[in-house]
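One-letter residues, chain by chain:
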Amino acid sequence: MTIRPIGIVMNGVTGRMGMNQHLIRSIAAIRQQGGVPLSNGDRLLPDPILVGRDEARLRSLAEAHGISRVSTDLERALAGDDAIYFDATLTNLRAANVRQAIARGKHVYCEKPLAMTTEESLELARRAELAGVKHGVVQDKLFLPGIIKLKRLVDAGFFGRILSVRGEFGYWVFEGDWGPPPQRPSWNYRKEDGGGIISDMFCHWRYVLDHTFGPVTAVQCVAATHIPSRIDEHGNRYDVTADDAAYGTFRLGGRDGDIIAQFNSSWTVRVYRDELLQIQVDGTLGSAVAGLRGCRTQDRASTPRPVWNPDVPNPIDFYENWREVPDSGEFENAFKVQWEMFLRHVAEDAPYSHDFYEGAKGVQLAELGLESWTRRCWLDVPTIARS
Ligand SMILES: NC(=O)c1ccc[n+]([C@@H]2O[C@H](COP(=O)([O-])OP(=O)(O)OC[C@H]3O[C@@H](n4cnc5c(N)ncnc54)[C@H](O)[C@@H]3O)[C@@H](O)[C@H]2O)c1
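Counting restarts for each chain: residues are numbered from 1 in the order of the written sequence. Residue-level local features of this predicted model are given only where pLDDT is at least 70; pairs of side-chain atoms are given and counted only at 80 or more, and the full residue set underlies all totals for whole chains, interfaces and linings.

Engineer: Break down the overall build of the chain for me, citing the residues and quoting the values.
Structural biologist: Helix and strand definitions here come from DSSP, where helices need a minimum of 4 consecutive H or I residues and strands a minimum of 2 consecutive E residues; each element is numbered from the N-terminal end. When helices and strands are counted, the chain shows nine helices and 18 strands. Between the two quantities, the radius of gyration covers C-alpha atoms and the globule rule is 2.2 Å times the number of residues to the power 0.38. Since a compact globule built from 387 residues should have a radius of gyration of about 21 Å, the 22 Å found for the chain is in line with a globular shape. When each of the 387 residues of the chain is scored for burial, the buried share is 42%. Within the chain, residue pairs in contact and separated by at least 24 positions form 70% of the contacts whose partners lie at least 6 positions apart. Burial is judged by counting the other C-beta atoms within 10 Å of a residue's own C-beta: 20 or more makes it buried, 12 or fewer makes it exposed, and any count in between marks it as partly exposed, with every C-beta position built from the backbone. The contact criterion used is a C-beta to C-beta distance within 7 Å, with each C-beta placed from the backbone.

Engineer: Report on helix α4 (residues 91–103), specifying residues and quantitative values.
Structural biologist: Every α-helix carries 3.6 residues per turn, so stepping three or four residues along brings you back to the same face. Listed as buried for α4 are Thr91, Arg94, Ala95, Asn97, Val98, Ala101 and Ile102. Residues of α4 that are buried sit in contact with β1 (3–11), α3 (74–79), β5 (84–87), β6 (107–110), α5 (118–131) and α7 (197–212). Note on α4: the residue one or two positions beyond its end, Gly105, has a positive phi of about 80 degrees.

Engineer: Tell me about the nonpolar core, residues and numbers included.
Structural biologist: A general tendency of soluble globular proteins is for nonpolar side chains to be buried together. Of all hydrophobic cores here, the largest spans 91 residues; its most connected members are Val9, Met10, Leu50, Phe86, Val108 and Leu150. Among the elements that make up this core, the one with the highest residue count is α7 (nine residues). Residue ranges labeled as domains rest on an automatic or database domain assignment. The two domains that each donate at least three residues to this core are domain 1 (3–140 + 334–351) and domain 2 (141–331 + 364–375). Filtering out sequence-adjacent residues up to four positions away, Phe86 remains in contact with Ile8, Val9, Met10, Asn11, His22, Tyr109 and Cys110. Nonpolar cores are identified as sets of buried Ala, Val, Leu, Ile, Met, Phe, Trp, Tyr and Cys residues joined via C-beta atoms within 7 Å.

Engineer: Quick rundown of unusual backbone geometry? Include the residues and the values.
Structural biologist: That bond from Lys112 to Pro113 is cis: its omega, -15 degrees, falls within 30 degrees of zero. Within the chain, Asp349 stands out as a residue other than glycine whose phi angle is a positive 60 degrees. Summarising the element assignment, Asp349 is placed in the loop between α8 (334–348) and α9 (356–375). Asp349 sits in the exposed class, given 9 other C-beta atoms within 10 Å. Its identity is not glycine, yet Arg376 carries a phi of approximately 55 degrees, on the positive side. With respect to the element layout, Arg376 can be found in the loop between α9 and β18 (379–380).

The analysis is restricted to geometry; functional conclusions fall outside its scope.
In structure tokens form, the structure reads like this:
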């Protein structure tokens with residue numbers, strides 16, 4: 001068995017996602033487990049260089065995770081011989097960074113949204129193809145145990161004909177002018193900095209829906225800026241210029257006909273459900289409710305028969321007669337699972353479908369969602385051609 005090091009330029013790892021999910025839970029965890037096993041028995045060991053603006057923060061982060069290389073100069077870091085560039089910086093910085101990395105012949109893996117527009121996302125995809133580098137976008141929700149279980153139910157034909165999908169995502173993000181500090185960065189609430197919940201979440205809904213139930217063929221969306229001003233990281237009040245809640249409806253091309261999907265996405269709701277994301281699927285033969293980890297089902301024969309009667313206390317416990325879908329070892333961190341797939345894709349050409357074209361589809365749905373809100377209409381989702 002040979003240990004094969006693979007260099008990764010990691011940009012944006014002092015941020016929320018970059019640090020927690022990508023550096024600590026993925027790359028550092030893969031290093032701790034001795035690398036990613038390859039099909040010939042070798043192990044691929046990530047050797048990251050952490051890139052950012054604040055050298056002291058980068059150093060302390062690197063030291064905490066046994067990493068020796070840091071840099072505050074992206075251009076110089078990209079001039080080295082690391083094989084991969086990873087980007088988890090702000091969405092509106094991504095395209096320029098990715099172009100620079102491709103020009104240096106790096107394989108590129110990055111956070112969603114891939115870019116600010118569909119056109120720019122496709123331009124990056126074509127650029128990567130022309131340069132012959134591998135490309136990937138984070139589609140982490142697909143690797144959550146709850147979503148994997150839903151997909152298993154779909155593939156097993158559990159639902160019969162799927163009628164509808166209802167997603168409820170969100171929680172209260174504190175405003176910053178009282179009580180607990182805001183739990184999200186302020187740029188999320190400024191359109192000019194790439195913020196907005198449609199741009200943030202519709203990328204996720206696109207791949208979750210496409211991969212689990214059938215391609216999204218049309219969208220209708222109403223959004224809002226419910227909280228007009230918030231306090232930023234420096235204690236200053238700022239105007240919220242981006243949407244903080246989106247109420248979207250999608251038409252999907254299901255295996256047995258159209259499926260209607262509705263997703264509420266909001267940073268301005270208080271949670272009264274089991275998880276921050278909950279998806280209910282109803283079909284002719286059964287229903288399921290999935291969260292991030294768990295998934296419960298009710299089959300046709302176990303369906304209660306409620307009768308509308310507000311004059312008596314509700315006689316049915318609707319939470320009865322649901323069964324937990326068993327785990328099948330589906331508890332690896334979703335980001336780490338995808339990192340391992342991408343690393344194998346780079347090292348031994350293992351199949352990998354979550355590429356820049358897939359990333360462009362997410363951006364496309366967000367763009368169409370915003371347009372539908374502005375124009376107050378349903379919009380068809382054009383097919384994205386790989387070229
Ligand atoms: N996959 C997911 O579930 C998920 C969840 C949240 C965020 N994201 C995506 O991850 C990305 C980062 O989001 P976040 O919440 O971690 O943001 P964040 O603000 O916490 O982190 C942003 C990172 O970019 C760096 N940065 C900011 N301005 C910069 C500049 N001018 N030049 C260079 N670097 C700069 C910061 O230092 C930090 O490292 C976004 O694109 C976001 O859409 C993905």
